[in-house]
Amino acid sequence: MKYADKRNAPCVVIQGSDEKAKGEVTIKDLTVGAELAKLEKGRDEYLQKQAEAQSSVPEAELVEAVRKVLTRHGHAPR
């Protein structure tokens, strides 16, 4: 993830053994994660941002989930 962060990637896709067993992948939104790290406001806002920063989706929905992250940050998906 450090490499992705250095390259200013908007998100990363992770699939560990637990996710693989479930047929899922985890999408981490690095842009929202960076905002979350700076956040000093209330608990509700923190929890909302945390939910946006990471989500698990079925493998079949990987492309759609990444496109949502890209669109959220103004990147035109190809």
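Preceding this paragraph is the structure being described.
Residues numbered from 1 in each chain as written. Predicted model: local features only at pLDDT ≥ 70, side-chain atom pairs only at ≥ 80, totals over all residues. Heavy atoms only, no water.

According to the stated counting rule, one finds 3 salt bridges in the structure shown. Residue K20 pairs with E59 through a salt bridge whose shortest N-O separation is 3.9 Å. Taken as a pair, K20 in helix α2 (residues 17-22) and E59 in the loop between β3 (54-58) and α5 (62-72) lie far apart in primary sequence, 39 residues in all. Accessibility expressed as a relative area gives 52% for K20, which makes it exposed. Of the residues examined, E59 reaches a relative accessible area of 36% and is grouped as partly exposed. Two residues, D29 and R72, come together in a salt bridge whose shortest N-O distance is 2.6 Å. Linking D29 in strand β2 (residues 24-29) with R72 in helix α5, this pair joins segments that are 43 residues apart in sequence. (Salt bridge = Lys/Arg side-chain N within 4 Å of Asp/Glu carboxyl O. Helix = DSSP H or I, 4+ residues; strand = E, 2+ residues; numbered from the N terminus. Buried < 20%, exposed > 50% of the residue type's maximum accessible area, 1.4 Å probe, protein only.)

Attention now goes to the environment of K20. For the pair K20 and P58, spaced 38 residues apart in sequence, the C-alpha to C-alpha distance is 9.7 Å. With residues near it in sequence (within four places) discarded, K20 still touches Q15 and E59. (Contact = heavy atoms within 4.5 Å.)

Here the phi dihedral of N8 falls at roughly 60 degrees; this positive angle occurs in a residue that is not glycine. With respect to the secondary-structure elements, N8 resides in the loop between α1 (2-6) and β1 (11-14).

This part covers the side chain of D29. For D29, a relative accessible area of 3% puts it in the buried group. Within polar-contact distance, the side chain of D29 engages the side chain of R72 at 2.6 Å. A polar atom in the side chain of D29 sits 2.8 Å from the side chain of H73. (Polar contact = N/O pair within 3.5 Å; in protein donor to acceptor, adjacent residues only side chain to side chain.)

Relative accessible area serves as the criterion here: at 41%, R72 is assigned to the partly exposed category. Taking the C-alpha atoms as reference, R72 lies 20 Å from A60; in sequence the two are 12 residues apart.

Here we take up the sheet that holds β1. Within the open sheet, the 3 strands sit side by side as β1-β2-β3. Their pairing is antiparallel. What marks the edges here is a single partner per strand, and that holds for β1 and β3. Across the sheet, the mean angle separating the axes of adjacent strands is 25 degrees when strand polarity is ignored. Where β2 lies against β3, 5 bridges are found, and the strand directions are antiparallel. Paired with K28 across the strands is Q54, a residue of β3. Helix α4 (residues 43-53) rests against β2 and β3 of the sheet, and its axis sits at about 40 degrees to β3. (Pairing = 2+ DSSP bridges. Axes fitted to C-alpha atoms, helices over the stretch in contact; angles between N-to-C directions.)

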